[in-house]
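# Survey of secondary and tertiary structure
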Amino acid sequence: MSDLANVYQLFRSKFEENDFQYYFPPSYIRSLAESDEKIIFAFRKIHSTIISPEIDMVRVKRSPKSNGSNNLDLTGSPLKDMSFEEFEEMNLSKEFNEHNVQNLWSPDEEAYGPLSTDKARSILQNFISLESGIGRGSIWTLCCGTDSDRTVLLQLSINAASNNPRQFTRGVVRFSGVQSSNSISLGQLIDNHRRRAGEAMKFNPKIHIQQWCKLCPQITVRLSWHTMGEGSTFAIEHNARVRLSQEFPVNNGAFARFSPAEYFWQQLQRLALMREKIMDIRANRESGYARNDVCGDDEMDLEYVKQKVNNILSSFLAVEPTTYSPSRIADMVSQVQNRNLTDVMERLYEALTLCSNYDDLKAAIDYIFHLSTHSNIVNVPTNGTRFAQLILAMIQDRLAIPYLTGSEPYELLLECGFNKLMNDYKTIFTESGVYELEFEKLFQPQVTNTRKSRYATGNGPQAGDSHHGGKQSGATHLFQPAGEDRGREKSILLSNFDEDEVKLRLNRLAQVHLLLEHLLLLESAVDVPSIYGRVCELYLARPPYSYGEVYNRKTDLLEFEMDEFMLLRKADQLLPCARRVTMSSTNLLQKLETVFYQNGRPILPERLYPQFECKEVDNKHMFWCYEYDRIERL
């Protein structure tokens, strides 16, 4: 655990002419050091940073990196179920491939200007000379690379737990040039390390190799293994550990247009809009009653909706349940989307979402209530929602017709929508044999928040009088039958809107949808069904992103370990896109560890290092090579 807060304050007071940051490391340091702990970073702030609009479109850099976290990090990725050849032809995949491979940097990383190498060494040496309390962690300085060794980074690590409080570990990163991947051999790297270690050090024959290969523009496989000694090669060991990383652009929700599960994402969007309308109505905003912001292009007039509702409740309809045939996930998505709706409330929900505005929705629900009390209902709802309970109580003559006000019509509809979408997702996952979704557990709050929203208990304002007249009903008021009807039935809660609960349900359903999108991509690109269940467990164990965060994310990342020999065979036939080789030598006094890092693109912002530019690199199999030496006193 890094603890350098005091050291950071010391740097700022002693070296005021330099810029320092105490934060998580830039992407290039994470790639080289494989650490996500906070560092002190010394650099020269560039105030006139000019960023091209093209680069600004994709800001999250995901170089092949990191065992920094073994957690699954994902939020979703929709793609059509298609062949690789078809997908390569899509502009979306080309755009992603270009941006992803170029190892783009964040705006902050492009504003970190390098110091001269002498200046960087001076800062670290002056710190060593200071008599001060020592923390724990690493100090890094960004260097310009114009010295003879082409030094780009210097490191000083301090450890308060050491027997010697003034014992430091030094690190230096050099740019070693651009080489063809075929011209780099493991023997060559061993010789380079030994020359730097000298004859006084004993070489450790155990070498750690990490190699990244792209199965497709969105999926990278990292292979990790150990090899022994002098005659070793980069041939992948049969016991290599496999880590799959899946990344692709979400582009602010535009992904849904390319997904076979687009219909279900649209249903989720509809529920989110209903929630917003409820919030607007409770806050006395006229936008809660606006037209055309829930139902989309399928809205119909009120008479059509009433006729449809009448047919659902009062007509004998031979609706055969859908018989699902075991198939691929993408095929199951299509089957569930086109299934016959047999549940009465699901069919009523589909009908009510055709209403074009608040007034029509309220009138249609009132019509349902009147049918329930005065007609011979042959299709009785049974799914347990409050809406279904109200209808059933009126059918059984146990409840008078309630009067809906404020946001109550949308609240009843929202609950039905949640119920239908949950059933859809459950069917997809269960019938395809992927995973058993347990929404009861997923909907349990993970953090107890004692401060409730003003809407959570239903005490928010209602707009029944101000907009539509009639008796105003508070959000927590129970429907009380009048006069002789009071003995029929105990009060039934009409409004039960909890802002936090609805938000959690939206977040979880968004998480489930994006999990489905990841599975669709895995199925189309990797097709290893044995990993799907583990992916689901890892993903759903994570706290969900909020619906808004999911919708606005630009990229998504899925990472997990897997033991599949078939992926080893696939990766063995591909040229690597990056490689990391670690070896060491020791004697009684010190240890030298060298990391040789090679990537298909430069890992440092190119415009800050024009002297490293290589204009003749047309070969896709060229590596930008870096050497990271770490010297530790024993």
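On a predicted model such as this, the values are computed, not experimentally measured, just so you know.

## Digging into the overall build of the protein chain
Of the regular secondary structure elements, the protein chain holds 21 helices and 15 strands. Partitioning the contacts of the protein chain with sequence separation of at least 6, the portion at a separation of at least 24 is 75%. Carbon and sulfur atoms provide 47% of the accessible area of the protein chain, an area that totals close to 29100 Å².

## A few points about the packing of aromatic side chains
The way to describe two aromatic rings as a pair is by their centre distance and the angle between their planes. Under the definition given, this model contains 22 aromatic pairs. Seen in terms of ring centroids, Phe 15 and Phe 20 are 6.4 Å apart; in terms of plane orientation they differ by 50 degrees. Their pairing is tilted. There is no split in this pair, since Phe 15 and Phe 20 are both buried. These aromatic residues form a ring-pair network of at least three members: Phe 11, Phe 15, Phe 20, Phe 127 and Phe 168. The aromatic ring of Tyr 22 is capped on one face by Lys 38, whose charged end is 5.8 Å from the ring centroid. The ring centre of Phe 24 lies 5.7 Å from the NZ or CZ of Lys 38, which sits over that ring.

## A word on the pattern of salt bridges
The tally for this structure, following the rule as stated, stands at 25 salt bridges. What emerges from the salt-bridge pattern is a single network uniting Arg 222, Arg 241, Arg 243, Glu 559 and Glu 561.

## A word on the pairing of strand S1 (residues 19–23)
Alternating positions in S1 separate cleanly, Phe 20 and Tyr 22 being buried on one face and Asp 19, Gln 21 and Tyr 23 remaining unburied on the opposite face. Sheet topology places S1 next to strand S2 (residues 39–45); 5 bridges connect them, and they run antiparallel. Bridge pairing links Gln 21 to Phe 41 in S2.

## Description of the confidence of the model for the protein chain
Taken as a whole, the protein chain shows an average pLDDT of 79; of its residues, 78% reach a score of 70 or greater. Confidence drops under pLDDT 50 across residues 448–466; counting only partners more than four residues distant or on other chains, this segment forms 51 contacts. Note that pLDDT drops below 50 for residues 469–490; the model gives that stretch 49 contacts with residues more than four away or on any other chain.

## Some points on the side chain of Thr 227
Residue position: Thr 227 is located in strand S8 (residues 219–228). Among the polar contacts made by the side chain of Thr 227, one reaches the side chain of Ser 232 at a distance of 3.1 Å.

## Regarding helix H1 (residues 5–14)
Along H1, the positions that sit buried rather than exposed are Val 7, Tyr 8, Leu 10 and Phe 11. Buried residues of H1, viewed axially, fall in a sector of 160 degrees; they line one side.

## Structural notes on the nonpolar core
Ranked by size, the top nonpolar core spans 120 residues in total, and within it Phe 387, Phe 429 and Leu 509 carry the most contacts. With 13 residues, the single largest contributor to this core is helix H18 (residues 499–525). Each of domain 1 (2–46 + 104–200 + 583–633) and domain 2 (261–285 + 300–444 + 496–511) accounts for three or more of the residues forming this core. Formed by 26 residues, the second largest nonpolar core is a distinct cluster that contains Ile 46, Ala 578, Ile 603 and Tyr 628.

## Quick word on empty space enclosed by the protein
Overall, the coordinates contain 9 cavities of 30 Å³ or more when judged by the stated rule. Each pocket or cavity is described by its volume, and for the largest cavity that value is around 100 Å³. Lining the largest cavity are Phe 175, Pro 602, Leu 604, Pro 605, Glu 606, Tyr 609, Phe 612, Glu 613, Cys 614, Trp 624 and Tyr 626.

## So, the packing of H18 against helix H19 (residues 532–540)
Interhelical geometry of H18 versus H19 gives an angle of 150 degrees and a closest axis separation of 11 Å. On the basis of the axis angle, H18 is roughly antiparallel to H19. Our pair here, H18 against H19, has a crossing hand that is right-handed. Only Tyr 532, Val 535, Cys 536, Tyr 539 and Leu 540 of H19 make contact with H18, whose side of the interface consists of Arg 508, Gln 511, Val 512, Leu 514, Leu 515, Leu 519, Leu 522 and Glu 523. Classifying every residue of the contact of H18 with H19 gives 10 nonpolar, 1 polar and 2 charged.

## Considering the environment of Asp 343
Relative to the assigned elements, Asp 343 resides in the loop between helix H11 (329–337) and helix H12 (344–352). When the C-alpha positions of Asp 343 and Val 319 are compared, they lie 9.8 Å apart, and in sequence the two are 24 residues distant. With residues up to four places along the chain from it excluded, the contact list for Asp 343 reads Thr 382 and Asn 383. A distance of 3.0 Å separates the side chain of Asp 343 from the backbone nitrogen of Glu 346, its partner in a polar contact.

## A closer look at the pairing of strand S5 (residues 151–158)
The buried fraction of S5 amounts to 8 of the 8 residues, a majority that puts the element mostly inside the structure. Note that S5 and strand S6 (residues 168–180) share 7 bridges and pair antiparallel. Bridged to Leu 153 within S6 is Val 173.

## Details of helix H14 (residues 386–395)
Of all 10 residues in H14, 7 are buried; the element is thus mostly enclosed. All of the buried residues in H14 are Arg 386, Phe 387, Ala 388, Leu 390, Ile 391, Ala 393 and Met 394. Asp 397 lies just past H14 and shows a positive phi near 60 degrees.

## Here's the deal with unusual backbone geometry
The phi torsion at Glu 34 lies on the positive side, around 50 degrees, for a residue other than glycine. Mapped onto the elements, Glu 34 comes out in the loop between helix H2 (27–33) and S2. A positive phi angle, near 55 degrees, is found at Asp 527, a position not held by glycine. Locating Asp 527 in the fold gives a position in the loop between H18 and H19.

## Re the environment of Leu 154
Structurally, Leu 154 is set in strand S5. Remark: the alpha-carbon pair of Leu 154 and Ala 42, spanning 112 residues in sequence, is separated by 9.7 Å. Setting aside residues up to four positions removed in sequence, Leu 154 forms contacts with Thr 117, Ala 120, Arg 121, Leu 124, Ile 139, Trp 140, Thr 141, Cys 143, Gly 171 and Val 172.

Each value, and the rule that gives it
Residues numbered from 1 in each chain as written. Predicted model: local features only at pLDDT ≥ 70, side-chain atom pairs only at ≥ 80, totals over all residues. Heavy atoms only, no water. Helix = DSSP H or I, 4+ residues; strand = E, 2+ residues; numbered from the N terminus. Contact = heavy atoms within 4.5 Å. Areas by Shrake-Rupley, 256 points an atom, 1.4 Å probe, with all protein chains shown as cover. Phe/Tyr/Trp six-rings, centres within 6.5 Å; stacked < 30°, edge-to-face > 60°. Buried < 20%, exposed > 50% of the residue type's maximum accessible area, 1.4 Å probe, protein only. Lys NZ or Arg CZ within 6 Å of the ring centre and 35° of its normal. Salt bridge = Lys/Arg side-chain N within 4 Å of Asp/Glu carboxyl O. Pairing = 2+ DSSP bridges. pLDDT = per-residue confidence, 0-100. Polar contact = N/O pair within 3.5 Å; in protein donor to acceptor, adjacent residues only side chain to side chain. Arc of directions from axis to C-beta. Core = buried A, V, L, I, M, F, W, Y, C linked by side-chain atoms within 4.5 Å. Domains from an automatic or database assignment. 1 Å grid on protein atoms, 1.4 Å probe; cavity = no way out; pocket = protein on both sides within 12 Å on 5 of 7 lines; lining within 4 Å. Points joined across faces, edges and corners; volume = space filled by probe spheres on them. Axes fitted to C-alpha atoms, helices over the stretch in contact; angles between N-to-C directions. Parallel < 35°, antiparallel > 145°, perpendicular 65-115°, else oblique. Left-handed = near helix turned anticlockwise from the far one by under 90°. Nonpolar A, V, L, I, M, F, W, Y, C, P; charged D, E, K, R; others polar.

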